[in-house]
Amino acid sequence: MNKVKQKDLILYSGLIILGLAAPYLFSAFKVQLTYLCVLIVLAMTWNLQGGEMGYNTFGNILFYGLGMYLTASVQVGMFFPLAEWTESGGEKTFVHTTAQYFQGIGVGLLVSAIVPAIVAGAIGYAILGLRGHYFAICTLGLGIAAGEIAGGIEIIGAGQGFTTPPFPAEIVDTEARGKFFYFLSFALLIGTFVFVKYIYGSRFRLILNAIRDNEDKAEAMGIQTMKYKIVGWMCSAFFCGLAGGIMGGLIGYIDSTDVAFDGREMGVFMVLMAILGGKGTLWGPVIGATLFHFFKEGLWTLILGWQYVALGVLIVVIVVYFPEGLMGWLREKYPERFGEVIDDKDRKAQVELK
Amino acid sequence: MNKIAKLFVTFISAITLALVSFTSSSFAKVEGEYIVLGSAISLTGKYSSNGVHTQNGYNMAVDRINKMGGVEVQGKKYKFEIIYYDDESNPKRAAQLAERLIKQDGVHYMLGPYSSGLTKAIAPVTEKYKIPMVEANGASRSLFTKGYKYLFAVLSPANQYLEVAIDLAVEKNGGKGVRIAQAFEQDAFSQDVRLGILDAAKRTGSEIIIDDKLPKELNDMAATLAKVKATKPDVLVVSGHTKGALTAIRQISEMKVDVPMLAMTHCDAAKLSKQHGKKSEYALCASQWHKNLSYKDKFFGGGKKYARDFQKEFGYDPPYQSAESSAALLVFKDAFERANSFDRDAVRDALVDTEMQTFYGNIKFGPGGQNIAKPMILFQVRCKGDDCENRVVAPTKWASDKFYHPIPKWSERS
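Description of the structure in this document. (Residues numbered from 1 in each chain as written. Chains lettered and ligands numbered in written order. Predicted model: local features only at pLDDT ≥ 70, side-chain atom pairs only at ≥ 80, totals over all residues. Heavy atoms only, no water.)

Now for the state of the cysteines. Taken as a whole and judged by the stated rule, the model has two disulfides over all chains. In this model Cys267 of chain B forms its disulfide with Cys285 of chain B; the gap between the sulfur atoms is 1.8 Å. Residues Cys267 of chain B and Cys285 of chain B are joined through a disulfide that is left-handed, its torsion about the S-S bond being -85 degrees. Remark: Cys285 of chain B occurs in strand S12 (residues 284–287) and Cys267 of chain B occurs in the loop between strand S11 (261–265) and helix H9 (272–275); sequence separation between them is 18 residues. The exposure class assigned to Cys285 of chain B is buried, which follows from its relative accessible area of 0%. Cysteine pairing in chain B follows 1-2, 3-4, where each cysteine in a disulfide is numbered by its order in the sequence. Residue Cys138 of chain A stays outside any disulfide, its sulfur separated by 17 Å from that of Cys240 of chain A, the closest cysteine. Not engaged in a disulfide, the cysteine Cys240 of chain A finds its nearest cysteine sulfur in Cys235 of chain A; these two sulfurs lie 11 Å apart. In this structure Cys240 of chain A comes out as buried when scored by relative accessible area, which is 0%. (Disulfide = S-S within 2.5 Å. Helix = DSSP H or I, 4+ residues; strand = E, 2+ residues; numbered from the N terminus. Buried < 20%, exposed > 50% of the residue type's maximum accessible area, 1.4 Å probe, protein only.)

With that out of the way, let us pick up the interface of chain B and chain A. Reports often express the size of an interface as the amount of accessible area lost when the parts come together. In this complex, chain B contributes 53 residues to the contact, which on the side of chain A involves 56 residues. At the boundary of chain B and chain A, one finds seven salt bridges. Ionic pairing is found between Glu297 of chain A and Arg100 of chain B, a salt bridge with its closest N-O pair at 2.9 Å. At the surface where chain B touches chain A, the tally comes to 12 residue pairs in polar contact (both at pLDDT 80 or more). Elements that contribute at least two residues to the side of chain B that touches chain A include exactly helix H1 (2–24), strand S4 (76–86), helix H3 (91–104), helix H4 (116–128) and helix H6 (188–204) of chain B. Here the side of chain B that touches chain A gets 14 residues from one element, more than from any other, and that element is H1 of chain B. Residue classes in the side of chain B that touches chain A are distributed as 22 nonpolar, 15 polar and 16 charged. (Contact = heavy atoms within 4.5 Å. Salt bridge = Lys/Arg side-chain N within 4 Å of Asp/Glu carboxyl O. Polar contact = N/O pair within 3.5 Å; in protein donor to acceptor, adjacent residues only side chain to side chain. Nonpolar A, V, L, I, M, F, W, Y, C, P; charged D, E, K, R; others polar.)

This brings us to the environment of Gly50 of chain A. Residues and elements named next belong to chain A. Its place among the elements puts Gly50 in helix H2 (residues 30–53). Exposure remark for Gly50: the relative accessible area of 3% places this residue in the buried category. For the pair Gly50 and Val271, spaced 221 residues apart in sequence, the C-alpha to C-alpha distance is 7.9 Å. Beyond its immediate stretch of four places on either side in the chain, Gly50 contacts Tyr55, Asn56 and Lys279.

Considering the arrangement of structural elements, one finds Lys46 of chain B in the loop between strand S2 (34–41) and helix H2 (48–67). You can call Lys46 of chain B buried: its relative accessible area is 18%. Here the side chain of Lys46 of chain B touches Asp258 of chain A through a polar contact of 2.7 Å, side chain to side chain. Residue contacts for Lys46 of chain B: discarding those within four places in its chain leaves Asp258 of chain A together with Ser89, Lys216 and Glu217 of chain B.

Following the criterion strictly, the structure yields 41 aromatic pairs over all chains and no others. Ring centres of Tyr12 of chain A and Trp283 of chain A lie 6.1 Å apart, and the angle between their planes is 15 degrees; this geometry places the pair in the stacked category. With Tyr12 of chain A in helix H1 (residues 2–25) and Trp283 of chain A in the loop between helix H13 (263–277) and helix H14 (284–299), the pair connects residues that are 271 residues apart, well separated along the chain. Residues Phe332 of chain B and Phe336 of chain B carry aromatic rings whose centres are separated by 5.6 Å and whose planes lie at 20 degrees to one another, so their mutual orientation is stacked. Taken together, the residues span about one helical turn, with Phe332 of chain B and Phe336 of chain B both in helix H11 (residues 320–339) at a distance of four residues. Phe336 of chain B gets classed as buried once you look at its relative accessible area, which sits at 0%. Here a set of aromatic residues connected by ring pairs shows up, and it is made of Trp289, Phe300, Tyr306, Phe310, Phe314, Tyr316 and Phe359 of chain B. Over the ring of Tyr316 of chain B we find Lys271 of chain B, and its NZ or CZ is 4.4 Å from the ring centre. (Phe/Tyr/Trp six-rings, centres within 6.5 Å; stacked < 30°, edge-to-face > 60°. Lys NZ or Arg CZ within 6 Å of the ring centre and 35° of its normal.)

What follows deals with the layout of surface pockets. Estimates place the volume of the largest pocket at around 850 Å³. Along the wall of the largest pocket there are 30 residues; nearest its centre are Pro166, Phe167 and Ala169 of chain A together with Glu127 and Lys128 of chain B. Of all elements in the fold, only helix H5 (90–93) and helix H11 (225–251) of chain A together with H4 of chain B reach the threshold of two or more residues within the lining of the largest pocket. Of all the elements, H4 of chain B adds the most residues to the lining of the largest pocket, at four residues. Within the lining of the largest pocket, the residues separate by chemical class into 14 nonpolar, seven polar and nine charged. (1 Å grid on protein atoms, 1.4 Å probe; cavity = no way out; pocket = protein on both sides within 12 Å on 5 of 7 lines; lining within 4 Å. Points joined across faces, edges and corners; volume = space filled by probe spheres on them.)

Okay, here's the thing in structure tokens:
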């Protein structure tokens with residue numbers, strides 16, 4: 001047992017070193033690497049609902065968008081009048097000093113983690129009683145509604161969009177901004193991973209699985225399923241909000257439906273990545289997101305104009321050939337490598353049965 | 001578990017290898033005899049038709065300039081080449097692609113994307129890396145108030161699009177204020193057109209009786225039109241890119257909405273007069289350019305010749321989006337030759353001093369980067385039998401036809 005732990009240790013420290021070195025090794029790819037971290041976080045948090053709890057949500061984009069708007073609003077609002085900023089050309093008149101910029105984004109991220117979690121709690125209380133596709137459709141509406149509402153609120157720029165504070169001009173190094181956002185997102189990724197891994201070893205995960213496998217039975221066993229479902233969703237919202245906040249700062253421009261509450265892209269991608277890698281596994285979403293991102297960045301420019309067709313084909317291929325995702329497929333092929341004990345007699349018996 | 005670990009290590013080292021080999025093949029700003037420009041263009045998504053108009057405009061100018069000797073810098077002739085990416089009409093993607101063009105493809109000069117929203121997303125990136133960007137399709141006023149130093153727009157800002165139309169309506173009303181109904185898509189460009197109308201209304205003492213916001217990917221505005229039918233305003237203003245123009249005409253004719261004046265944007269990009277024929281007659285449209293204007297340059301001749309050549313190459317009449325995109329390359333060529341260097345700041349300084357005439361119009365950049373030398377024009381769709389075309393009605397200097405007002409009622413139209 002100890003030996004396995006040691007292997008794990010090597011794996012994790014290797015990954016962390018790679019993560020820390022990545023922006024120096026692949027300096028030109030910093031933005032894409034930042035995207036990768038955020039995508040992995042989104043896939044992992046989606047997996048908590050979709051994979052572990054069996055609640056296919058399209059609503060996580062709501063927390064992502066909320067986090068984005070909140071971070072930017074706090075970052076501006078702490079020092080300057082927000083309405084004047086968004087109305088036109090705020091960043092010319094009001095310039096953040098270096099200290100203000102980092103204080104602002106710090107407090108902003110804090111808010112963008114807590115508020116979405118609270119919102120998830122409130123919404124969850126109202127709609128987590130729905131099950132199956134009723135829940136999926138309901139959450140699909142959440143993201144769309146939020147986009148339309150945000151597009152009508154003047155103080156956050158409405159249809160004009162919201163330009164987030166530019167990186168402080170006092171820092172002359174043009175690489176600094178890329179590094180800052182990369183390390184921020186990498187820290188978030190590690191935080192999310194540690195948290196999810198902790199959940200994987202806890203009773204909480206078993207309860208989520210029980211809810212997925214048979215919610216009525218779980219309830220009959222005396223588990224207050226509603227409570228756990230809400231807490232699970234709040235955890236996802238916490239990290240989704242942070243991811244959104246970081247992305248808002250990185251992109252530099254928030255548009256209500258295309259950047260923040262981007263259900264058509266991010267909202268679908270997070271589901272797709274988790275399923276591609278294998279939902280209900282720790283590493284599945286990580287692998288899924290990584291593969292997806294490489295597929296997207298590497299191939300999409302080669303097939304200009306046809307990339308969404310290719311994406312459609314990819315979805316079909318995944319659903320038909322890897323319904324359980326890559327991890328699920330590997331598990332089926334090499335069960336012993338996943339620590340599953342296979343009784344040889346049992347396997348033979350099954351072969352004979354076929 | 002250890003097998004998985006191995007699998008992982010293999011996987012990650014494979015990726016590392018792939019990335020390293022990728023990085024080493026980085027491009028340069030000027031490769032051999034080519035000056036490499038970068039552009040993220042909407043080839044898919046809601047702006048795809050206008051994105052293609054933009055790309056066609058760029059390509060047309062690149063071909064023409066290259067054929068006519070290219071760009072001469074320090075006695076050597078260079079040709080233009082453009083790296084395109086598809087931004088999927090999404091600002092997030094556009095910003096990411098701008099980074100990619102600059103950091104990975106090593107592009108040092110950018111051409112703008114289509115639409116104000118996407119330009120707004122790219123401008124902070126080009127500004128950060130001090131990359132000069134000449135853009136032809138981001139008209140939002142807010143782009144020019146942010147103090148950007150590397151952004152140059154060959155077009156007039158969005159708030160000027162339909163102000164003239166309100167002035168015309170007031171003039172026809174005997175100098176008294178008019179009642180305006182307006183509906184705008186919720187995006188940066190259309191919202192700026194709206195601000196222009198609000199200013200004009202205040203100035204002329206006009207009253208805004210309907211002020212609707214329309215969703216993006218506009219497919220239905222029946223609710224607004226029902227209100228228009230009930231309140232009978234003097235002017236109806238609609239702006240929502242190509243889809244907005246098509247939807248408005250389709251539903252106005254279906255619902256037989258009578259308004260004395262209908263003012264819109266993007267009529268020519270939507271090929272209204274072709275697609276809807278007589279139904280679109282009398283619609284008043286704001287435009288950056290029209291082929292009948294008398295501007296000239298040595299590459300494209302005049303507007304009419306440009307239109308003919310464009311028609312020959314791409315099979316349709318050039319909308320102003322294509323014309324202004326072509327003009328962007330003329331501006332770049334001019335700036336490179338005056339700077340006589342590939343230094344980004346030298347090129348940027350040369351761009352600041354631009355003062356030239358192109359087939360598309362005069363170009364001179366104001367302090368915010370917008371073109372201040374070219375007025376907007378208005379044209380009206382007029383039909384002879386089933387043959388409809390756009391005729392310039394304002395400003396009077398280039399007006400080929402008289403402005404027809406008011407629009408006859410549907411019951412009187414054949």
